[in-house]
Amino acid sequence: MTILDTENQFTSGLYTKRPIAIVRGQGARLWDSEGREYIDCVGGQGAANIGHANPQVAAAIAAQAATLISCPEMFYNDRRAELEQRLCALSGFPRVYLCNSGTESVEAAIKFARLSTGRKGILACMRGFHGRTFGALSATWEKKYREPFEPLVPGFSHVPYNNLEALRAAVSEDTAAVLLEVVQGEGGVNPGAPEFLLGAQQVCRERGALLILDEVQTGFGRTGTMFAYQGFGLEPDLVCLAKSIAGGLPMGATLIGPRVGELPAQVHGSTFGGNPLACAAALAAIDYIEANHLPGRAAELGAWFLGALRRIESPLIREVRGAGLMVGVEIKQKVTPYLQALMAEGVLALPAGLTVLRFLPPLVIEQADLAVVVEKVRKVLA
Ligand SMILES: *Cc1c(COP(=O)(O)O)cnc(C)c1O
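Novice: I would appreciate a short explanation of the site of the ligand in the present structure.
Specialist: Lining the immediate surroundings of the ligand are Ser101, Gly102, Thr103, Phe129, His130, Gly131, Glu181, Asp214, Val216, Gln217 and Lys243. The contact in question runs from an oxygen atom of the ligand to an N or O atom on the backbone of Thr103, over 2.8 Å. At 2.8 Å, a side-chain N or O of Gln217 approaches an oxygen atom of the ligand.

Novice: What should I look at first to understand the sheet that holds strand β14 (residues 326-331) in this one?
Specialist: Sheet strands pair by backbone hydrogen bonding; their relative direction is either parallel or antiparallel. Taken in spatial order, the four strands of this open sheet run β13-β14-β17-β16, and their pairing is antiparallel. Edge strands, defined here as strands with exactly one partner in the open sheet, are β13 (317-323) and β16 (350-352). Neighbouring strand axes in the sheet, compared pairwise and without regard to direction, differ in orientation by 30 degrees on average. Across four bridges, the pairing between β14 and strand β17 (residues 356-359) is antiparallel. Looking at β17, one finds that Val327 is bridged to Phe359. Its contacts with the sheet put helix α12 (residues 294-310) on β13, β14 and β17, and the angle it makes with β13 is roughly 175 degrees. Most of the contacts of helix α13 (residues 336-344) go to β17, to which it runs at about 40 degrees, and overall it touches β14, β16 and β17.

Novice: When you look at the layout of surface pockets in this model, what are you seeing that I'm missing?
Specialist: Which parts of space are left empty comes out when a probe the size of a water molecule is rolled across the atoms. Within this model, the second largest pocket holds a volume of roughly 770 Å³. Lining the second largest pocket we find 23 residues, and of these Glu73, Glu84, Val96, Tyr97 and His268 sit closest to its centre. Considering each element in turn, the lining of the second largest pocket owes the most residues, four residues, to strand β4 (residues 95-99). When grouped by side-chain class, the residues that make up the lining of the second largest pocket number 13 nonpolar, six polar and four charged.

Novice: I'm lost on helix α9 (residues 194-207) in this one. Help?
Specialist: An α-helical turn contains 3.6 residues, so a residue and the one three or four places further along point in the same direction. Compared with the 20 Å implied by 1.5 Å per residue over 14 residues, the 20 Å span of α9 between its first and last C-alpha is a close match. Within α9, the full set of buried residues consists of Phe196, Leu197, Gly199, Ala200, Gln201, Val203 and Cys204. Tucked into the core, α9 has its buried residues touching β5 (121-125), α8 (164-170), β7 (175-181), β10 (210-214) and α10 (228-232). Gly208 sits one or two residues past α9 and shows a positive phi near 75 degrees.

Novice: Would you explain the environment of Glu290 in this entry?
Specialist: Along the chain, Glu290 falls in helix α11 (residues 276-291). A relative accessible area of 36% means that Glu290 is categorised as partly exposed. Excluding residues within four positions of it along the chain, Glu290 makes contact with Arg86, Leu90 and Met226.

Novice: For this particular structure, what's the right way to read the packing of aromatic side chains?
Specialist: Any pair of aromatic rings gets described here by the distance separating the centres and the angle formed by the planes. Counted according to the given criterion, the structure contains seven aromatic pairs. Centre to centre, the rings of Phe93 and Tyr229 are 6.0 Å apart; their planes meet at 70 degrees, and the pair counts as edge-to-face. One end of the pair, Phe93, is in the loop between α4 (78-91) and β4; the other, Tyr229, is in helix α10, and 136 residues separate them in sequence. Neither residue differs from the other here; Phe93 and Tyr229 are each classed as buried. Between the NZ or CZ atom of Arg24 and the centre of the ring of Trp31, over which it lies, the distance is 4.2 Å. Over the ring of Tyr145 we find Arg132, and its NZ or CZ is 4.1 Å from the ring centre.

Novice: Would you mind going over the pairing of strand β11 (residues 238-241) with me for this structure?
Specialist: Along any regular strand the residues' side chains alternate between the sheet's two faces. Side chains Leu238 and Cys240 of β11 all project onto a buried face; the interleaved residues Val239 and Leu241 project onto the opposite face, where all are buried too. Judged from the four bridges that link them, β11 and strand β12 (residues 252-256) form a sheet pairing that is antiparallel. What sits directly across from Leu238, in β12, is Ile256.

Novice: Looking at this structure, how should I read the sheet that holds strand β2 (residues 29-32)?
Specialist: Here four strands make up an open sheet; going across it, the order is β1-β2-β3-β15 and the pairing mixed. Each edge of the open sheet carries a strand with a single partner, namely β1 (22-26) and β15 (347-348). Across two bridges, the pairing between strand β3 (residues 37-40) and β15 is parallel. For Ile39, the partnering residue across the bridge sits in β15 and is Val347.

Novice: Where do I start with the side chain of Arg146 in this structure?
Specialist: Within the secondary structure, Arg146 sits in helix α7 (residues 143-146). The buried charged residue Arg146 lacks any salt bridge, with Glu150 as its nearest oppositely charged partner at 4.8 Å. Among the polar contacts listed, one links the side chain of Arg146 to the backbone oxygen of Ser138, at a separation of 2.9 Å. Once residues within four sequence positions are removed from consideration, Arg146 is found in contact with Leu137, Ser138, Ala139, Thr140, Trp141, Leu152 and His158.

Novice: Just checking my understanding: could you explain the packing of α12 against helix α14 (residues 367-380) for this structure?
Specialist: Any two packed helices are characterised by the angle at which their axes cross and by the distance between the axes. Here α12 crosses α14 at 20 degrees, and the two axes come no closer than 10 Å. It follows that α12 is roughly parallel to α14 by the angle criterion. Judged by the sense of rotation from one axis to the other, the crossing of α12 with α14 is right-handed. Counted together, Leu301, Trp304, Phe305, Ala308 and Leu309 of α12 and Gln367, Leu370, Ala371, Val373, Val374 and Val377 of α14 form the full contact between these two elements.

Reading the values: the criteria
Residues numbered from 1 in each chain as written. Predicted model: local features only at pLDDT ≥ 70, side-chain atom pairs only at ≥ 80, totals over all residues. Heavy atoms only, no water. Near = heavy atom within 4 Å. Polar contact = N/O pair within 3.5 Å; in protein donor to acceptor, adjacent residues only side chain to side chain. Pairing = 2+ DSSP bridges. Helix = DSSP H or I, 4+ residues; strand = E, 2+ residues; numbered from the N terminus. Axes fitted to C-alpha atoms, helices over the stretch in contact; angles between N-to-C directions. Contact = heavy atoms within 4.5 Å. 1 Å grid on protein atoms, 1.4 Å probe; cavity = no way out; pocket = protein on both sides within 12 Å on 5 of 7 lines; lining within 4 Å. Points joined across faces, edges and corners; volume = space filled by probe spheres on them. Nonpolar A, V, L, I, M, F, W, Y, C, P; charged D, E, K, R; others polar. Expected span 1.5 Å × (residues − 1). Buried < 20%, exposed > 50% of the residue type's maximum accessible area, 1.4 Å probe, protein only. Phe/Tyr/Trp six-rings, centres within 6.5 Å; stacked < 30°, edge-to-face > 60°. Lys NZ or Arg CZ within 6 Å of the ring centre and 35° of its normal. Lys, Arg positive; Asp, Glu negative; His and termini not counted. Salt bridge = Lys/Arg side-chain N within 4 Å of Asp/Glu carboxyl O. Parallel < 35°, antiparallel > 145°, perpendicular 65-115°, else oblique. Left-handed = near helix turned anticlockwise from the far one by under 90°.

Shown next, in the form of structure tokens:
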């Protein structure tokens, strides 16, 4: 049986798959089982900021795997200690909780907010995406993810993104937290307006609610700063991280600010959270991001890419928008046929909603590769 046949027979069936098997990567290039080469603008859906097959991260993973993989947080660990200190130094936060995925980092933030404030309400945004477990799903907007699994967690409500008046009107004495993406990813690559984000923070401060920023997709250099909140001068109370935190290995983290109270022992936890293998990978990935100035690279290349895409003249394009190397091209039709056409041209990209082409290349991508992507987009949208 071919790889595709085997997966088609045994997979859960939950994913809409493209008919290629990716078997190898290098930097911002991927190869399929037929030997075809692609420029990768899927970037592991945001998990591959440092590129594929990074030698330093591969070496760190191999060395740690041969030393110690399992070490639950009932014990202290050298790699975990180093990573906790590193994440706090990078962000200026005093504490961090380690877990294994984006949705888990959001679950933790929601639980910490309810615990710390004694309030129940969580206010999120329309078109927001926060994950698939019940708490994170309750904050997620998209109907098709939510409806099959109702009833969801009580206490969640949504206001339009970038509408400060609506947000101000919705934050009450029972709001534990406002949960926002700095740039909405799945919801269509919608950058947050500075007035909205800073205004949301101010409303939270005034009403005693916490501000949770979901930086699962925007973190680790994607939008041009290590964390997107730093680019806006925001001081969130909780920050959710995952995707590119550990060079592509599964890991999540929740940064915990000073306005979050003490978290009593035993109220939350995870078997795999803070395991030495993921911590070693994260340390090597963060070293690489810093040594190679990937946030600055994302800012520069992203500005160039956005400009080049904006110069494409096509009656199909409604808007080109983004931040750093998180870029969306909204078109006037459904994107699926255009994503297929790009793939046939050797460019892999993502959808964001029904009508937005989304580009999340590894931040190590060469400008020459981005120029090829622009030409291919021009060709398929002609
Ligand atoms: C991907 C994503 C999540 C969920 O992360 P998982 O690791 O898939 O659980 C949550 N929030 C945002 C903004 C994301 O992009």
